[in-house]
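Read off the chains here:
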Amino acid sequence: MLLLALAALAACARDTPETALRAQLQRMQAAATERRAGDFMEGVSADFIGNDGMDRAALHNLMRAQVLSNSTIGVTIGPVEFEEKSGQATLRFTALLTGSQGRFIPDSAQTYSIITGWRLEDGEWRVYYAQWKPNP
């Protein structure tokens, strides 16, 4: 059993930054769709900055508002472009966000173009910057 645990840790240590970042993005996507705002925020840096100066607390409030106003949340991420420089990374992607009061068809849907900045903090990739704009 100990050997399996050590092998798993060694495999994690060999993850490339791109692999680790994509996994973190998937965890955050799952947290959003499962309406777990707190778990989503674990991937967000304390000094996060977003559109119009949005800070981490405002992003958390936005996530909580979405959870309270939608019984189902959908997040579909399109192809992700990855770029890394000096221990920081940029991910560019599109995301289709949907919300519903539990019906089969979403009550709202919008596609966004998103650019995010990431850095390693205590061995975990966290987003410290995000810019998004709705696609027409």
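Summarised in this report is the structure supplied together with it.

Rules of the game
- Residues numbered from 1 in each chain as written.
- Predicted model: local features only at pLDDT ≥ 70, side-chain atom pairs only at ≥ 80, totals over all residues.
- Heavy atoms only, no water.
- Helix = DSSP H or I, 4+ residues; strand = E, 2+ residues; numbered from the N terminus.
- Core = buried A, V, L, I, M, F, W, Y, C linked by side-chain atoms within 4.5 Å.
- Buried < 20%, exposed > 50% of the residue type's maximum accessible area, 1.4 Å probe, protein only.
- Contact = heavy atoms within 4.5 Å.
- Expected span 1.5 Å × (residues − 1).
- Arc of directions from axis to C-beta.

1. Some details on unusual backbone geometry
If you check the backbone angles, Arg-35 has positive phi at about 65 degrees while not being a glycine. Among the structural elements, Arg-35 can be located in the loop between helix 2 (17–33) and helix 3 (37–41). Although it is not a glycine, Ser-86 adopts a positive phi angle of roughly 50 degrees. Here Ser-86 is to be found in the loop between strand 3 (81–85) and strand 4 (88–100).

2. A word on the nonpolar core
The biggest cluster of nonpolar side chains holds 26 residues, and the ones touching the most others in it are Phe-40, Val-44, Leu-59, Leu-91, Phe-93 and Trp-118. Only helix 2, helix 3, strand 1 (44–49), helix 4 (56–69), strand 2 (72–77), strand 4, strand 5 (108–121) and strand 6 (124–134) provide two or more residues apiece to this core. It is helix 2 that provides the largest number of residues to this core, a total of 5 residues. Excluding residues within four positions of it along the chain, Val-44 makes contact with Met-28, Arg-56, Leu-59, Arg-126 and Val-127.

3. A short note on the environment of Arg-56
Looking at the secondary structure, you find Arg-56 in helix 4. Classification of Arg-56 as partly exposed rests on a relative accessible area of 26%. Contacts of Arg-56, omitting those with residues within four sequence positions, involve Met-41, Glu-42, Val-44, Ser-45, Ala-46 and Phe-48.

4. Comments concerning helix 2
Taking 1.5 Å of rise per residue, the 17 residues of helix 2 would be expected to cover 24 Å, and the 24 Å separating its terminal C-alpha atoms lies within 8% of that figure. When we look at burial in helix 2, the residues that qualify are Leu-21, Gln-24, Leu-25, Met-28, Ala-31 and Ala-32. Relative to the axis of helix 2, the buried residues are bounded by an arc of 120 degrees and lie together on one face. Backbone geometry just after helix 2 places Arg-35 at a positive phi near 65 degrees.

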